[in-house]
Amino acid sequence: MDYQEGAYKVKDLSLADAGRRKIEWAESRMPVLLRLRDEFRDQKPFEGYKITGCLHVTKETAVLIETFRECGAEVSWSGCNPLSTNDEVAAALAKNGIEIYAWYGQSVEEFYWSIERTIDKPPHLTLDDGADLIFTVHKDHPEMADHIVGGSEETTTGVHRLRAMADDGKLLYPVFAVNDAETKWDFDNVYGTGQSTLDGILRATSVLIAGKNFVVAGYGHCGRGVAMRAKGMGANVIVTEVKATAALKATLEGFRVMAMDEAAEVGDIFVTATGMKDVIRGDHFVRMRDGAIVSNTGHYDVELNLQELAELSSDTRIVRDDCREYTLENGKRIFVLADGRLVNLAAAEGHPSEVMDMSFANQFMAHLNLVRMHKDGESLEPRIIDMPPELDQEIAGIKLETMGLSIDTLTSEQEAYATDYSAGT
Ligand SMILES: NC(=O)c1ccc[n+]([C@@H]2O[C@H](COP(=O)([O-])OP(=O)(O)OC[C@H]3O[C@@H](n4cnc5c(N)ncnc54)[C@H](O)[C@@H]3O)[C@@H](O)[C@H]2O)c1
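To start, this report covers the structure provided alongside it. (Residues numbered from 1 in each chain as written. Predicted model: local features only at pLDDT ≥ 70, side-chain atom pairs only at ≥ 80, totals over all residues. Heavy atoms only, no water.)

Looking at the packing of helix H2 (residues 31-40) against helix H17 (residues 389-402)
Item 1. Axis separation between H2 and H17 bottoms out at 9 Å; the angle between their running directions is 110°. When the interaxial angle is binned, H2 and H17 end up roughly perpendicular. Residues Pro31, Val32 and Arg35 of H2 lie in contact with H17, whose contacting residues are Ile395, Ile398, Lys399, Glu401 and Thr402.
Item 2. Class assignment of the residues belonging to the contact of H2 with H17 gives a composition of four nonpolar, one polar and three charged. (Axes fitted to C-alpha atoms, helices over the stretch in contact; angles between N-to-C directions. Helix = DSSP H or I, 4+ residues; strand = E, 2+ residues; numbered from the N terminus. Parallel < 35°, antiparallel > 145°, perpendicular 65-115°, else oblique. Contact = heavy atoms within 4.5 Å. Nonpolar A, V, L, I, M, F, W, Y, C, P; charged D, E, K, R; others polar.)

Some thoughts on the nonpolar core
Item 1. Counting residues in hydrophobic clusters, the biggest one holds 53 residues, and the most contacted among them are Phe46, Phe68, Ile100 and Phe364.
Item 2. Residue assignment for this core shows that the elements contributing at least two residues are helix H1 (16-27), H2, helix H3 (59-70), strand S3 (74-78), helix H4 (87-95), strand S5 (125-128), helix H16 (353-375) and H17.
Item 3. The element best represented in this core is H16, accounting for 12 residues.
Item 4. Those residues in contact with Ile100, other than ones at most four positions away along the chain, are Ala7, Tyr8, Lys9, Val10, Val57, Trp77, Ala90, Leu93 and Ala94.
Item 5. In terms of nonpolar packing, the next biggest core, distinct from the first, is built from 23 residues, Ile209, Val237, Ala250 and Leu337 among them. (Core = buried A, V, L, I, M, F, W, Y, C linked by side-chain atoms within 4.5 Å. Buried < 20%, exposed > 50% of the residue type's maximum accessible area, 1.4 Å probe, protein only.)

A look at the sheet that holds strand S14 (residues 323-328)
Item 1. Strands sit in the order S10-S9-S8-S11-S12-S15-S14-S13 across an open sheet of eight strands; the sheet is mixed. Two strands in the sheet have a free side with no partner beyond their single neighbour: strand S10 (256-257) and strand S13 (313-320).
Item 2. Bridge count between strand S8 (residues 213-217) and strand S11 (residues 269-272): four bridges; the pairing is parallel. Counterpart to Ala217 in the pairing with S11 is Thr272. (Pairing = 2+ DSSP bridges.)

Topic: the pattern of salt bridges
Item 1. Counted by the stated rule, this structure contains 29 salt bridges.
Item 2. The salt bridge partner of Lys59 is Glu349, with a shortest N-O separation of 3.0 Å. Highlighted residues: Lys59 in helix H3 and Glu349 in the loop between helix H15 (343-346) and H16, separated in sequence by 290 residues.
Item 3. On the accessibility criterion, Glu349 (30% relative accessible area) is partly exposed.
Item 4. With its nearest N and O atoms 3.6 Å apart, the salt bridge here joins Lys139 to Asp140.
Item 5. Residue classification places Lys139 among the exposed residues on the basis of a relative accessible area of 64%.
Item 6. Asp140 sits in the partly exposed class, given a relative accessible area of 41%. (Salt bridge = Lys/Arg side-chain N within 4 Å of Asp/Glu carboxyl O.)

A short note on the pairing of strand S9 (residues 236-240)
Item 1. With four of five residues buried, S9 is to be regarded as a mostly interior element.
Item 2. Relative to S9, S8 runs parallel, the two being bridged by five bridges. Bridging across to S9, Ala217 finds its partner in Thr240.
Item 3. Read as a crossover between parallel neighbours, the route from S8 over helix H10 (residues 221-232) to S9 is right-handed.
Item 4. Sheet analysis places S9 next to S10, joined by two bridges and oriented parallel. Within the sheet, the bridge partner assigned to Val239 lies in S10 and is Val257.
Item 5. On the question of chirality, the crossover connecting S9 to the parallel S10 by way of helix H11 (residues 244-252) is right-handed. (Right-handed = clockwise from strand over helix to strand, strands pointing away.)

Quick notes on H11
Item 1. Buried residues of H11: Ala246, Ala247 and Ala250, and no others. For H11, the angular spread of the buried residues around the axis is 100°, confining them to a single face. Among the exposed residues of H11, those oriented more than 90 degrees off its buried face are Ala244, Leu248, Lys249 and Leu252.
Item 2. Taken together, the buried residues of H11 touch S9 and S10.
Item 3. Looking at the residues trailing H11, positive phi occurs at Gly254, about 95°. (Arc of directions from axis to C-beta.)

A few points about helix H7 (residues 156-167)
Item 1. End to end, H7 covers 17 Å across 12 residues, agreeing with the expected 16 Å (1.5 Å per residue, within 8%).
Item 2. Of all the positions in H7, only Thr156, Thr157, Gly158, Val159, Leu162 and Met165 are classed as buried.
Item 3. Elements that come into contact with the buried residues of H7 comprise helix H6 (132-140), strand S6 (150-153), strand S7 (175-177), helix H8 (182-185), helix H9 (188-205) and strand S16 (384-386). (Expected span 1.5 Å × (residues − 1).)

Details of the sheet that holds strand S4 (residues 99-101)
Item 1. The eight strands are arranged S1-S4-S3-S2-S5-S6-S7-S16 in an open sheet whose pairing can be described as parallel. Edge positions in the open sheet fall to strand S1 (8-9) and S16, since each of these has one partner strand only.
Item 2. In this sheet, S4 lies alongside S1 in parallel orientation, the contact comprising two bridges. Counted as the bridge partner of Lys9 is Tyr101 from S4.
Item 3. Strand contacts of H7: S6, S7 and S16, with the helix running at about 125° to S16, the strand carrying the most contacts.

And the structure:
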């Protein structure tokens, strides 16, 4: 397709005003990113650079996109999940002249078509959540890599895969592992996923959480956040794991741990948060109680094997928005939320703005670093680059300051004491 600046494909441009109000709401809760916008608006460090992003089109992402643009970048965007685009926000971005191809309910073909449109004009920088854009460049347009300065990856599964690709010598340009920054992984995945997953389940079902057996598969960052919040609402939380240390942590933090075979028989509500495929599959579905609610907040739509559920079912129908009933041959009913896609984004609004503030401050800084290195003529080897730890302290420091909180500073004597190996006790 011929490239056209500011081109877009969204659901309905007339939704733009409602989208703008949502973006303004997010802005009022993202002080760190707005501070970066203010700091770099006049310098325009991204002038002459095109950033292509493939990340959930939410009101918070819109704040990031417009920050990049105000700081000089040309931006082109698509969503990274067919059910996570907010159509009002997408319309507001299109109306503001951002090149964007995103709408809620895309087919898989439309999803990849959208990614392709965002690289009709090759970017200098790529920004991913789940690595679909980077993989598209590597698989179908490897020649484009010569033009690309670098990229960034927002989520756990994306970083895992890109590290594997780099280890195999297949990565064609450097990528910042934004997910692994402390101010991202330990906040967004834990508190963001924790709250927004419960939000999604509630919007899709409106059930009482208190007193329910609430099964969380995976006790990593996301699973721990979900377990913590479900417990806070009075659920009896059960954790399933494949990693001994994670299972042990869950036990010592007060949760029951069991294998999914066992948990399937007692759970009322299930959430997967693992990054792994087929975590809940046919032999689990047949064991479940009548009325069980099943959802995923981990990777894409792979964690629940809905193909096997469909094969076990005699009937299926939509009973509420984002809630599909399957009637099994054995007569039991199972309710699957958001077709097994990320329930927090499909049925709710994704993470709260306050937590995305820090994740996206990391994204902004990752790309600023790439551009600075490029302008300085630094050689940018194809590798996964960790975010500098001092940046975590800077971002967390600004966050605390904007929350009106202050912390202590080590005295020079204390600093010397920390590394004084002759000090004894
Ligand atoms: N919903 C969202 O908005 C959102 C936000 C951030 C991350 N994610 C995604 O959530 C997933 C988890 O991310 P994380 O940061 O918590 O990763 P993590 O590595 O911290 O934790 C994943 C945990 O799942 C466990 N696990 C793996 N396979 C399992 C299985 N079959 N059964 C039970 N446990 C299993 C692992 O042992 C690990 O402890 C990733 O795919 C990530 O990309 C989603």
